[in-house]
Amino acid sequence: MTGHTQNDQPHDQQPARHRRDKGVQRRRVLIGGGTAALAGGLAAAGFASADTPGTSTGTSTTTVTADASASATSGVCTLTAEVTEGPYSLDGALIREDIRETKEGVEVQYTFTVVDQDNDCAPLADALVELWHCDALGEYSGYVGKNGHTEDDDGTFLRGGQMTDSNGQATLISIWPGHYVSRAVHVHMRVHTDVTLADGTYTGGTVVHTGQLFFDADLNEEVQASSPYSDNTTAETVLADDSVYDDNSAASGLLTLTALGTSVSDGYTATLTVGVSTS
């Protein structure tokens with residue numbers, strides 16, 4: 001990891017820094033032959049349309065997902081919003097699938113499919129999908145102490161990235177994030193192209209997408225009430241009141257979540273198709 005960004009301020013002093021920059025444009029991704037694409041990589045990654053997600057409960061799984069049928073007929077793939085990266089990014093993420101290190105929390109297994117707006121929404125191979133987020137107590141590595149907790153800070157926990165394969169897919173394993181003052185629970189994301197890999201990290205390249213990922217509000221309430229999240233006594237902002245999320249489902253980074261078992265502690269899978277513009 002290299003140095004911190006200049007926006008290194010306590011959480012309660014910078015909610016405005018998380019708001020969407022007016023100069024940042026929202027990218028809308030249209031697919032040329034929607035049905036064919038759905039039958040391929042998009043469907044495999046848990047295609048999510050911009051419809052409002054629903055919840056279904058079975059004996060072993062709970063899925064919060066969006067209906068893809070309307071998108072299949074209209075030929076529209078996931079609409080991906082670009083937002084500010086926030087003040088807690090670091091350069092030089094480690095290339096690894098499991099970014100948890102020693103952090104405890106509800107496991108989340110991510111699968112992303114990255115598609116290229118400028119190539120008829122074809123899967124984008126050899127792109128770096130990078131994630132970073134706070135731990136169960138609302139602390140970011142590299143900035144520990146901003147949410148009132150003291151611990152060793154090595155600058156790498158809950159940060160990392162993976163390269164997409166020939167189907168545009170990348171998988172990562174982490175924990176469900178905690179919360180901190182002024183923001184709903186979220187994960188930060190960047191997608192890079194043309195990076196150079198060396199010594200377990202990357203250099204160079206171009207950032208083609210900067211966004212944030214969000215979680216179903218009802219499931220999040222259950223998670224935040226469980227241990228170790230319940231030890232976080234700071235005020236939590238609900239999803240509906242978040243300054244970045246705009247209630248547009250997958251268009252705003254709302255993840256498709258599927259339970260891995262019958263208990264919150266069993267964890268979840270999380271999928272999203274991410275549309276980017278490589279130009």
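What you see is a predicted model, and the numbers here were worked out from it, not measured in a lab.

1. Describing the overall build of the chain
For the chain, the count of helices and strands is three helices and 13 strands. Burial analysis of the chain (279 residues in total) assigns 53% to the buried set. Put simply, of all contacts in the chain between residues at least 6 apart along the chain, 77% involve residues at least 24 apart. Accessible area of the chain: about 11500 Å², with a carbon and sulfur share of 46%.

2. Details of the sheet that holds strand 11 (residues 206–214)
The antiparallel open sheet is built from four strands, whose spatial order is 6-5-8-11. At either margin of the open sheet sits one strand with a lone partner, and together these are strand 6 (159–163) and strand 11. Direction aside, neighbouring strands of the sheet carry axes that sit 20° apart on average.

3. What about empty space enclosed by the protein?
Taken as a whole and assessed by the stated rule, the structure comprises two cavities of 30 Å³ or more. Taken as a whole, the largest cavity holds about 120 Å³ of empty space. If you trace the largest cavity, you find 20 residues lining it, with Ala81, Gly211, Gln212, Ser252 and Gly253 closest to the centre. Listing elements by their share of the lining of the largest cavity, those giving two or more residues are strand 11 and strand 13 (268–276).

4. A closer look at the pattern of salt bridges
Per the counting criterion, the structure on display carries seven salt bridges. Of the charged contacts in the structure, one is a salt bridge between glutamate 107 and arginine 100, with a shortest N-O distance of 3.2 Å. For glutamate 107, a relative accessible area of 23% corresponds to the partly exposed category. In this structure, aspartate 135 and lysine 103 form a salt bridge, with 2.8 Å as the shortest nitrogen-oxygen distance. Of this pair, aspartate 135 sits in the loop between strand 5 (128–132) and strand 6 while lysine 103 sits in the loop between helix 2 (69–74) and strand 3 (107–116), and the two are 32 residues apart along the sequence. According to the relative accessible area criterion, aspartate 135 is buried, its value standing at 3%. A cluster of three or more residues bridged by salt bridges with shared partners is formed by Glu85, Glu130 and Arg190.

5. Some details on the nonpolar core
Within the largest apolar cluster, 38 residues are counted, with the highest numbers of intra-cluster contacts made by Tyr110, Phe112, Leu131, Trp176, Leu213 and Leu255. Elements supplying a minimum of two residues to this core: strand 3, strand 5, strand 7 (169–175), strand 8 (186–193), strand 11, helix 3 (217–224), strand 12 (256–259) and strand 13. It is strand 13 that contributes the most residues to this core, five residues altogether. Residue contacts for leucine 213: discarding those within four places in its chain leaves Tyr110, Phe112, Leu131, Val185, His186, Val187, Met189, Gly253, Leu255 and Leu272.

Rules behind the numbers
- Counting restarts for each chain: residues are numbered from 1 in the order of the written sequence.
- Local features in this predicted model are restricted to residues of pLDDT 70 or higher, and side-chain atom pairs are both shown and tallied only at a pLDDT of 80 or more, whereas totals for entire chains, interfaces and linings draw on every residue.
- Side-chain metrics rest on all non-hydrogen atoms present in the structure, leaving aside hydrogens and water.
- Only runs of H or I of at least four residues qualify as helices and only runs of E of at least two qualify as strands under DSSP, and these elements are numbered from the N terminus.
- Throughout this description, buried means an accessible area under 20% of the type-specific maximum (1.4 Å probe, protein chains only), exposed means over 50%, and partly exposed covers the range between.
- Contacts are assigned to residue pairs with any non-hydrogen atoms lying within 4.5 Å of each other.
- Here, Shrake-Rupley sampling with a 1.4 Å probe gives the accessible areas, and only protein chains in the shown set may cover a residue.
- One bridge is not enough; two strands pair if DSSP finds at least two bridges between them.
- Angles here are taken between N-to-C directions and fall from 0 to 180 degrees, while the axes themselves are lines fitted to C-alpha atoms, restricted in helices to the stretch in contact.
- With a 1 Å grid laid over protein atoms only, a set of points is called a cavity when a 1.4 Å probe fits there but cannot get out and a pocket when it is open yet has protein on both sides within 12 Å along at least five of seven lines; lining residues have an atom within 4 Å of a point.
- Grid points are joined across faces, edges and corners, and a volume is the space filled by probe spheres set on the points.
- The salt bridge criterion pairs a side-chain nitrogen of Lys or Arg with a carboxyl oxygen of Asp or Glu, the two atoms within 4 Å.
- Only buried residues count toward a nonpolar core. Its members are Ala, Val, Leu, Ile, Met, Phe, Trp, Tyr and Cys residues joined through side-chain atoms within 4.5 Å.

Keep in mind these values describe shape, not function.
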